[in-house]
Amino acid sequence: MRSWSSPQVPRLPGRGLALRVYDTAAREVRPTEPGATARMYVCGITPYDATHLGHANTYLAFDLVNRAWRDAGHEVHFTQNATDVDDPLLERAAQTGQDWRELAGREIELFRTDMEALRILPPAEYVGVTEVIDDVAALIARLRDKGATYELDGDVYFDVDAAPKFGAVCSYPEERMLALFGERGGDPARPGKQHPLDWLLWRAERPGEPSWPSPFGPGRPGWHVECTAIALANLGPGFDVSGGGSDLIFPHHEMGACEGHVATGEWPFARAYVHAGMVALDGEKMSKSRGNLVFVSKLRQRTDPMAIRLALLAHHYREDWEWTEDQLGAAQARLARWREAVALPAGPAALPVLARVRERMADDLDAPAALAALDAWVESARSGDRSDPDAPELVRAIADTLLGVEL
């Protein structure tokens, strides 16, 4: 599946600092230590109701990781999926009388255009689950050969007791795991399972549902295993960052990590698990099930996408926050001030700004502090400091390269 086009990113003088991020599994801010090529997998959308601000907030966070690594001199191998066959997608298609393939294709294309508008650097591989059914089936067979699966009425389950590291990503007590599993697509109460937390790897064919052939009979992937298969195929085990929203900590990232460990024998599956906060609207987490969504495509009809990006950057990526319309107005005003300042013939020295922004972004992606550093330069420039004729162009490049804001 094609990705989206990449923006041109300016090169900055010198080199950025080593990136430190909060690793959910370690429960602390830790340095990322990639080799010459940093490897990152970010879980993609289930393509319906795309792209809302919760999506945008998540993918912006990992765009900042990508940019920080590149500024520090690394190549970046970034892979992302689109879950283009799954229960929620099929349910939405049935409710609206659409063909599920057409619904997925239309929403994926809308997502691409939103990502381009927000200047999110594209993945090297943008992979639909329907493209890799054979890879998913092969991984399930590999897990079966390791003795980690069992069948129940034709469905194939992962046996949680076969995962020695289960719980290492989330560190949640079992009671919380069970509650979240039931809320987030699991089936803890299904009769016949060996353990309530066993998860579905392969769903046997049901009437009216799409299916594909496999060694286990016709059917389709369960959840979690598709991301494990795609990450292994493109990045291999032990990649640097596995990313997504904080609602993926459990069960998605926990269960994917266990699949990768059992299949390969290598731990950790990802060297860091990094999670973006949730965005709320009207006091509730923005979600498709609640329908309380603010869509990027709608906002783009009435404002510059760079204002949307600035509104998101005003929040630390790990923060849970609530969207209000006044935040967009503040971002529009900030964007206008920045553009006015970089259009001046000269401004205050910008190398200290570059050092400060690099420092803040390397320290767990502290975008709000980076914005404040640029705000201070802008106010000095607008107040009449014209000491450096090269400064406006450098500030323009800082905003673009490190924050993704085109001025």
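The paragraphs below set out a description of the structure included in this document.

## Examining the sheet that holds strand β12 (residues 279-281)
Strand pairs in the sheet, formed through backbone hydrogen bonds, run parallel or antiparallel to each other.
Then, number 1: On the basis of which strands lie adjacent, the open sheet formed by 3 strands has the order β13-β12-β14 and mixed pairing. The open sheet has two free edges, formed respectively by β13 (284-285) and β14 (321-322), since each of these has just one partner strand.
Then, number 2: Direction of pairing for β12 relative to β13: antiparallel, over a ladder of 2 bridges. In the sheet register, Leu281 faces β13, and the bridge partner there is Glu284.

## A look at the side chain of Asp84
Then, number 1: Its location among the elements puts Asp84 in the loop between β4 (75-82) and α2 (87-96).
Then, number 2: Although Asp84 lies buried, it forms no salt bridge, and the closest oppositely charged side chain, Arg112, sits 8.7 Å away as judged by the N-O distance.
Then, number 3: In this structure the side chain of Asp84 is engaged in a polar contact, spanning 2.9 Å, whose partner is the backbone nitrogen of Val129.
Then, number 4: Within polar-contact distance, the side chain of Asp84 engages the side chain of Thr130 at 2.7 Å.
Then, number 5: Apart from residues lying up to four places away in sequence, Asp84 is in contact with Pro47, Leu89, Trp100, Ala104, Ile108, Gly128, Val129 and Thr130.

## Details of the packing of helix α4 (residues 133-145) against helix α7 (residues 249-264)
Then, number 1: As a packed pair, α4 and α7 sit with axes 9 Å apart at the nearest point and diverge in direction by 65 degrees. For the element pair α4 and α7, the recorded crossing hand is left-handed. Listed contacts from α7 to Leu139, Arg142 and Leu143 of α4 are Glu259, Val262, Ala263 and Thr264.
Then, number 2: Its residues assigned to classes, the contact of α4 with α7 comprises 4 nonpolar, 1 polar and 2 charged.

## Focus on the environment of Pro207
Then, number 1: Along the chain, Pro207 turns up in the loop between β8 (199-204) and β9 (219-221).
Then, number 2: We classify Pro207 as exposed; its relative accessible area is 83%.
Then, number 3: Taking the C-alpha atoms as reference points, Pro207 and Arg20, 187 residues apart in sequence, are found 49 Å from one another.

## Some thoughts on the packing of aromatic side chains
Then, number 1: Throughout the structure, instances matching the rule amount to 13 aromatic pairs.
Then, number 2: Clustering of aromatic rings is evident, with ring pairs tying together Phe158, Phe166, Tyr172, Trp199 and Phe250.
Then, number 3: Its guanidinium or amino end placed over the ring of Tyr172, Arg176 lies 3.9 Å from that ring's centre, counting from NZ or CZ.

## Let's talk about unusual backbone geometry
Then, number 1: In the segment running from Ala50 into Thr51, the intervening peptide bond is cis, with an omega of -15 degrees.
Then, number 2: Of note, the bond from Trp267 into Pro268 is cis; its omega dihedral lies within 30 degrees of zero at 0 degrees.
Then, number 3: With respect to the helices and strands, Pro268 occurs in the loop between α7 and β11 (273-276).
Then, number 4: One non-glycine residue, Ser171, lies in the positive phi region at around 60 degrees.
Then, number 5: Looking at where Ser171 falls in the secondary structure, it is placed in the loop between β7 (155-158) and α5 (174-183).
Then, number 6: A positive phi is found at His224, a non-glycine position, where the angle reads about 85 degrees.
Then, number 7: A relative accessible area of 4% means that His224 is categorised as buried.

## Observations concerning α4
Then, number 1: Its 13 residues give α4 an end-to-end C-alpha distance of 18 Å, which sits within 8% of 18 Å, the value for a rise of 1.5 Å per residue.
Then, number 2: Among the residues making up α4, those that are buried are Ile133, Val136, Ala137, Leu139, Ile140, Ala141 and Leu143.
Then, number 3: Buried residues in α4 make contact with β6 (149-152), β7, β8, β9, α6 (225-234) and α7.

## Focus on the pattern of salt bridges
A side chain of one charge can pair with a side chain of the opposite charge if their charged atoms are brought near each other.
Then, number 1: Enumeration according to the criterion identifies 32 salt bridges in this entry.
Then, number 2: For Asp87, the salt bridge identified is with Arg220, shortest N-O distance 2.5 Å. Here Asp87 is found in helix α2, whereas its partner Arg220 is found in strand β9, with 133 residues between them in sequence.
Then, number 3: Relative accessible area serves as the criterion here: at 30%, Asp87 is assigned to the partly exposed category.
Then, number 4: Here Glu209 ties to Arg220 by a salt bridge, and the two come within 3.1 Å at their closest N and O atoms. You can see Glu209 sitting in the loop between β8 and β9 and its partner Arg220 sitting in strand β9, a full 11 residues away along the chain.
Then, number 5: For Glu209, a relative accessible area of 22% translates into the label partly exposed.

## Describing the environment of Ala346
Then, number 1: For Ala346, the position within the fold is in the loop between α10 (325-342) and α11 (351-362).
Then, number 2: Exposure remark for Ala346: the relative accessible area of 8% places this residue in the buried category.
Then, number 3: Between the alpha carbons of Ala346 and Leu143 there is a distance of 62 Å; along the sequence they are 203 residues apart.
Then, number 4: Once you skip the residues sitting within four places of it in the chain, Ala346 turns out to touch Asp385, Arg386, Asp388, Pro389 and Pro392.

## Here's the deal with the state of the cysteines
Then, number 1: Evaluated as defined, the whole model comprises 0 disulfides.
Then, number 2: With no disulfide of its own, Cys43 lies closest to Cys227 among cysteine sulfurs, the gap being 3.9 Å.
Then, number 3: Overall, Cys227 belongs to the buried group, its relative accessible area being 7%.

So, how was this worked out
- Along each chain, residue indices are assigned from 1 in the same order as the chain's sequence is written.
- In view of the model being predicted, local features appear only for residues whose pLDDT reaches at least 70, and side-chain atom pairs are presented and counted only at 80 or more, with totals across whole chains, interfaces and linings using the full set of residues.
- Computation of side-chain values: all heavy atoms of the structure, hydrogens and water removed.
- Only strands joined by at least two bridges in the DSSP assignment are considered to pair.
- Under the DSSP-based scheme used, a helix requires at least four consecutive residues in state H or I and a strand at least two consecutive residues in state E, with every element numbered from the N terminus.
- Only protein chains enter the accessibility calculation, which uses a 1.4 Å probe; a residue is then buried when its area is under 20% of its type maximum, exposed when over 50%, and partly exposed in between.
- Only four residue types enter the tally: Lys and Arg on the positive side, Asp and Glu on the negative side, with His and both chain ends excluded.
- What makes a salt bridge here is a side-chain nitrogen of Lys or Arg within 4 Å of a carboxyl oxygen of Asp or Glu, nothing more.
- Any N or O atom pair separated by 3.5 Å or less is treated as a polar contact, with the protein-specific requirement of one donor-capable and one acceptor-capable atom, and with residues adjacent in sequence counted only for side-chain atom pairs.
- Throughout, a residue-residue contact means that at least one pair of heavy atoms, one from each residue, lies within 4.5 Å.
- Orientation is described by lines fitted to C-alpha atoms, with helices fitted over the stretch in contact, and by angles between N-to-C directions that extend from 0 to 180 degrees.
- Crossings are classed by handedness, with left-handed meaning an anticlockwise turn of the near helix from the far one by less than a right angle and right-handed meaning a clockwise turn.
- Residue classes follow a fixed rule: Ala, Val, Leu, Ile, Met, Phe, Trp, Tyr, Cys and Pro count as nonpolar, while Asp, Glu, Lys and Arg count as charged, and any other residue, Gly among them, counts as polar.
- Only Phe, Tyr and Trp rings are paired, with Trp represented by its six-membered ring, and only when their centres lie within 6.5 Å; those with planes under 30 degrees apart are stacked, over 60 edge-to-face, the remainder tilted.
- Each ring is checked for a lysine NZ or an arginine CZ that lies within 6 Å of its centre and within 35 degrees of its normal; such an atom marks a charge sitting over the ring.
- Multiplying 1.5 Å by the helix residue count minus one yields the expected span of that helix.
- What counts as a disulfide here is a pair of cysteine sulfur atoms lying within 2.5 Å.

The values are spatial; any link to function lies outside them.
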